[in-house]
Amino acid sequence: MKKLFAVLLAMMMLLALTPLSLAEENVLRYGVDADAAGGFDPHTISAVASMRMIGQMYNTLVDVDENLNVIPELAVSWEQPDDTTYIFHLAKGVKFHSGRTMTAQDVKYSFERILDPATGALGNSSSYAGDIDTVEALDDETVKITLKNINAPFLANLSSSYCSIVDRDVVEKNGGSLLLADGGTGPYTLGEWVPDNSITVKAFPDYFDEAGKATFDAIEFYVLTDASARLAALRTGAVDLIVADTAMLDLVENDDSIQTISYQSRNYTGLFLNVNRAPFDNPLVRQAINLALNREEIIDFAFNGKALVSGFVPASLGHWAVDVTENEYYTQNLEKARQLMAEAGYANGFETEIIVGLLDSIRDTGLVVEQQLGEIGIKVNVQDVERGQYLDAWNGHNFDIMVCQNGAGSDPSRAVAFFFKTGSSANIQDYSNARVDELCELAVATTDTAKREEYYKEAINIILNDCIVAIVASPQEYFLASTALQGFAPSASNANNFSGVTLTR
Amino acid sequence: MRDYIIRRLLTLIPILIGVSIAIFVVMQLIPGDVVSGILGIEETPELRAMWEAKLGLDKPLIQQYFSWIGRAVTGDFGESFRTGAPVFPEIMNRFAISAELAILACIIAWIIALPLGILSSLKRNSFIDRIVRVVALLGVSVPNFASATLLILFFSKAFHYYTPVKYVGLFENFGTNMEIMILPAFILGSVMAGSVMRMTRSSMLEVLRQDYIKAVRAKGSPERVTIFRHAFRNSSIPIVTLIGMQIGALMGGTVVIEQIFSIPGLGQFTLTGISQRDFPVVQGCVLFIAFLYVMVNLLVDILYTFIDPRISYS
């Protein structure tokens, strides 16, 4: 047996000594946590894992910077003759990956594709391009877009990949689908996809924007779903960059060859209460739940301390954000919580169910909440469900309490209206408040930023005081990289921005 | 024999129909569907209706099933709901990878298990026997995800080594492919080896007690001949049965190992299909795996007649 073990070990060591086919070429190898789901059609793919590649392959008319300012992308400038008309001047010499020059006709086609119900495009809602009435190509480099109604965040919303500009010829050649084709203008073109293993995007030499040109010959995305395998791959130099979770951070603290890169996300995690169901229809109970939470403790346990106490408009939304640390319901007060429970007629508490799933931080939040709500007599059964079941509970609004992580987008039209307006698809708690609805409508119908801020802040405060949700935290997102990687500065606006990034191996 | 094989192949038909109905029903019963996966948080009633129509999910269930099975009998397993790519060629690609892994794992398992199993039966209750039994128990009881993670960590820490991350086919680059496959195959093989070793030991022990072995020994036959020609051959029926079952399971892919080592095998394809509720993918994969099981079992049954000529099918 000893002999056998020795032989096996020797075999393995031999393997270890075989020269690694170390990439001499200039390639970024990126270990990601999930495979592209379904493919790469920017108009119909919602999976974050696919966005990593879509972001390299496609461009939008405009982009949004870290401070939420709209900046040029395919459109170098734009003007707004009136509140519902936008005229975009396109960059010159933009080439599709097919080699064809992009014109205003392609922009027109792209929006028509999004608005055509048969496409089933995700951007066909007023959160994105759904309010477009007509798109006209005034000449080859000028596009006029007219909206059906005023939509203040329209420009910023055009920065979504759901509003990418696509190559009509490629769409038509592939039977109307871009899932497995590349009809983009971006700095990288789609290379090989080996499902469940890797995706390669290759540099596009004719990219229109010098500053945004590909700095790598290729980016190879490796699907390493197992977190410890991903970290081992980085440690051994098999990959240069990985998507990290907070549990990894302590493990690499003393490793000089690895750097930690992070940004404050626009996501937030918290409890959603079904206001149609007793006892959550009682505002006193909802207030008590909010007051029972010790948010710092949840952050320590579920996020390893790497998150900010947050409401549903997180700090990364800049001037739109509301500082919840000043809100009375965001500071734990067990005495008051118990008193409110008694007032509501639940002096002895009640039993309820919390649905968790999808992410470890969601599951862990559920566990801490179970214990914290126990302090005020609420007996919580945590139901950890599989993805399909979780989505069903979300879509069917079928839950008592659900722990979710949502993205607040880049404008309160998303953060507030999408999640809290009566009848909105993401208003899973079935909240309905006439004043909030009115404020959301007012805010979208004016382009005066100061006014909009005033409307939204009022709406946000109503929702906070109604305690419709008990939001806990806005997490930091982490990457780990070899110290050879230079210039990678992800942000909530663009987590996969590789322009100007280099490797000095 | 020929009639027997034909009869066995004919039983495939009800088995596959039964499996296809079971899968169809299960996919309907489990919560969640492919559309909510596609739309995610952007789901609205209009978009849902659009996608259901696009994928044919708005038709009555019976019609959905029959239109699928109608195509399947002609060898057309349909297209993935998610990518639109045809399912069958992808199953074949993935199967080739899983089959390679399974075969390598078997070879490793046999190399470890058969000699050690025989040895420990001959030296029953000796020191070697005890060691072999402990190792076998470890092989059976350490879950492969744990040994996989531990081995990855061990190699990365001790040798600064990680298996190549980019999958390369067997015929593209033999060396690199082997480098990718050897570690996962070793892990799968060691688990298999544990049970094969135990089975070899116990069935050898049983045969060695038989009178005819005494007779063989009494007539002065060399020990080597006694063991391999007379004892091992007669004890190999349960071993072959066990190995057959294990190969069947391995061919269908070993999800956990494939996932940890990013090997694009059949197991991962099936799992992704299930988690995305991609019905044509799941249906195609499961039917194919069911087909494999039946075929491997048939092969094992045929093998019996070679091992033991007294067994015959008529």
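Residues numbered from 1 in each chain as written. Chains lettered and ligands numbered in written order. Predicted model: local features only at pLDDT ≥ 70, side-chain atom pairs only at ≥ 80, totals over all residues. Heavy atoms only, no water.

A few points about the overall build of chain A
- Counting its regular elements, chain A contains 15 helices and 20 strands.
- For 505 residues, the compact-globule estimate of 2.2 N^0.38 gives 23 Å, and chain A sits close to it at 25 Å.
- Counting only C-alpha atoms and orienting by the principal axes, one finds that chain A spans roughly 80 × 70 × 35 Å.
- Taking all 505 residues of chain A together, the buried fraction comes to 56%.
- At a minimum sequence separation of 6, the contacts of chain A that also span at least 24 residues come to 69%.
- Working note: accessible area of chain A is about 19,600 Å², and carbon and sulfur atoms make up 48% of it.
- Averaging the coordinates of the 34 positive side-chain charges in chain A and doing the same for the 69 negative ones gives two points 3 Å apart. (Helix = DSSP H or I, 4+ residues; strand = E, 2+ residues; numbered from the N terminus. Rg over C-alpha atoms; globule rule 2.2 N^0.38 Å. Buried < 20%, exposed > 50% of the residue type's maximum accessible area, 1.4 Å probe, protein only. Contact = heavy atoms within 4.5 Å. Areas by Shrake-Rupley, 256 points an atom, 1.4 Å probe, with all protein chains shown as cover. Lys, Arg positive; Asp, Glu negative; His and termini not counted. Charge placed at Lys NZ, Arg CZ, Asp CG, Glu CD.)

Re unusual backbone geometry
- The step from A278 of chain A to P279 of chain A runs through a cis peptide bond, and the omega angle for that step is 0 degrees.
- Inspection of the secondary structure puts P279 of chain A in the loop between β13 (267–273) and α8 (283–292).
- Despite not being glycine, L358 of chain A shows a phi value in the positive range, around 70 degrees.
- You can see L358 of chain A is positioned in the loop between β15 (350–356) and α11 (360–374).
- Residues other than glycine seldom take positive phi values, yet R277 of chain B does so here, at roughly 55 degrees.

A short note on the interface of chain B and chain A
- Every contact between the two is made by 50 residues of chain B and, on the other side, 58 residues of chain A.
- Regarding the contact of chain B and chain A, the summed buried area is about 4,600 Å², with carbon and sulfur atoms giving 62% of it.
- Linking chain B with chain A are four salt bridges.
- Between E42 of chain B and R414 of chain A there is a salt bridge whose closest N-O contact spans 2.9 Å.
- Counting across the chain B and chain A interface gives 17 residue pairs in polar contact (both at pLDDT 80 or more).
- Listed by contribution, the elements that provide at least two residues to the side of chain B that touches chain A are α2 (34–39), α3 (45–55), α5 (87–122), α6 (127–141), α7 (144–158), α8 (174–208), α11 (255–260) and α12 (266–275) of chain B.
- Looking at the side of chain B that touches chain A element by element, the count peaks at five residues for α7 of chain B.
- A class-by-class count of the residues in the side of chain B that touches chain A yields 25 nonpolar, 15 polar and 10 charged. (Buried area = accessible area lost by both parts, 1.4 Å probe. Salt bridge = Lys/Arg side-chain N within 4 Å of Asp/Glu carboxyl O. Polar contact = N/O pair within 3.5 Å; in protein donor to acceptor, adjacent residues only side chain to side chain. Nonpolar A, V, L, I, M, F, W, Y, C, P; charged D, E, K, R; others polar.)

Overview of the domain arrangement of chain A
Residues and elements named next belong to chain A.
- If you check the domain split of chain A, you get domain 1 (2–33 + 187–240 + 484–503), domain 2 (62–172) and domain 3 (267–476).
- Just the C-alpha atoms count here: the centres of domain 2 and domain 3 sit 34 Å apart.
- With 10 residues of domain 2 at the contact, the number on the domain 3 side is 15 residues.
- Both sides together, the interface formed by domain 2 and domain 3 hides about 890 Å², and carbon and sulfur atoms give 57% of it.
- Counting every contact that joins domain 2 to domain 3 gives zero salt bridges. (Domains from an automatic or database assignment.)

What to know about the packing of helix α1 (residues 2–29) of chain B against helix α4 (residues 61–72) of chain B
Residues and elements named next belong to chain B.
- The geometry of α1 relative to α4 is characterised by a closest axis approach of 12 Å and an angle of 140 degrees between their N-to-C directions. Considering their axes alone, α1 and α4 lie oblique with respect to each other. Handedness of the crossing formed by α1 with α4: right-handed. Along its contact with α1, which presents I17, S20, I21, F24 and Q28, the element α4 presents L61, Q64, Y65, W68 and I69. (Axes fitted to C-alpha atoms, helices over the stretch in contact; angles between N-to-C directions. Parallel < 35°, antiparallel > 145°, perpendicular 65-115°, else oblique. Left-handed = near helix turned anticlockwise from the far one by under 90°.)

Looking at the layout of surface pockets
- For the second largest pocket, the calculated volume is near 990 Å³.
- Residue lining of the second largest pocket: 43 residues in total, with K54, L55, G56, L57 and F81 of chain B positioned closest to the centre.
- At the level of elements, α3 (104–115) of chain A together with α1, α3, α4 and α13 (279–307) of chain B are the ones that each hand at least two residues to the lining of the second largest pocket.
- Ranked by residues supplied to the lining of the second largest pocket, first place goes to α4 of chain B with six residues.
- Looking at side-chain class alone, the lining of the second largest pocket contains 16 nonpolar, 15 polar and 12 charged residues. (1 Å grid on protein atoms, 1.4 Å probe; cavity = no way out; pocket = protein on both sides within 12 Å on 5 of 7 lines; lining within 4 Å. Points joined across faces, edges and corners; volume = space filled by probe spheres on them.)

What about α3 of chain B?
All names here are of chain B.
- Within α3, the full set of buried residues consists of L47, R48, M50, W51 and L55. Buried positions in α3, seen along its axis, are confined to an arc of 160 degrees and lie on one side of it. Exposed residues on α3 whose side chains face more than 90 degrees from its buried face are P45 and E46.
- Elements in contact with the buried residues of α3: α2.
- Positioned one or two residues after α3, G56 has a phi angle of 75 degrees, which is positive. (Arc of directions from axis to C-beta.)

Looking at the nonpolar core
- V239 and L480 of chain A together with I91, Y162, F261 and L266 of chain B are the most contacted members of the largest nonpolar core, which totals 91 residues.
- The element that contributes the greatest number of residues to this core is α5 of chain B, accounting for 16 residues.
- Beyond its immediate chain neighbours, meaning those up to four positions away, F261 of chain B contacts A148, I152, T163, L183, P184 and I187 of chain B.
- Residues L291, Y329, A344 and V385 of chain A belong to the second largest nonpolar core, which totals 79 residues. (Core = buried A, V, L, I, M, F, W, Y, C linked by side-chain atoms within 4.5 Å.)

Observations regarding the sheet that holds strand β7 (residues 142–147) of chain A
Residues and elements named next belong to chain A.
- Overall, antiparallel pairing links the four strands, which are arranged β4-β5-β7-β6 in an open sheet. Of all the strands in the sheet, the pair left with one neighbour each is β4 (75–82) and β6 (132–139). Each neighbouring strand pair of the sheet contributes to a mean axis angle of 20 degrees, computed without reference to strand direction.
- This element, α3, spans β5 (85–90), β6 and β7 of the sheet and lies at about 165 degrees to β6. (Pairing = 2+ DSSP bridges.)

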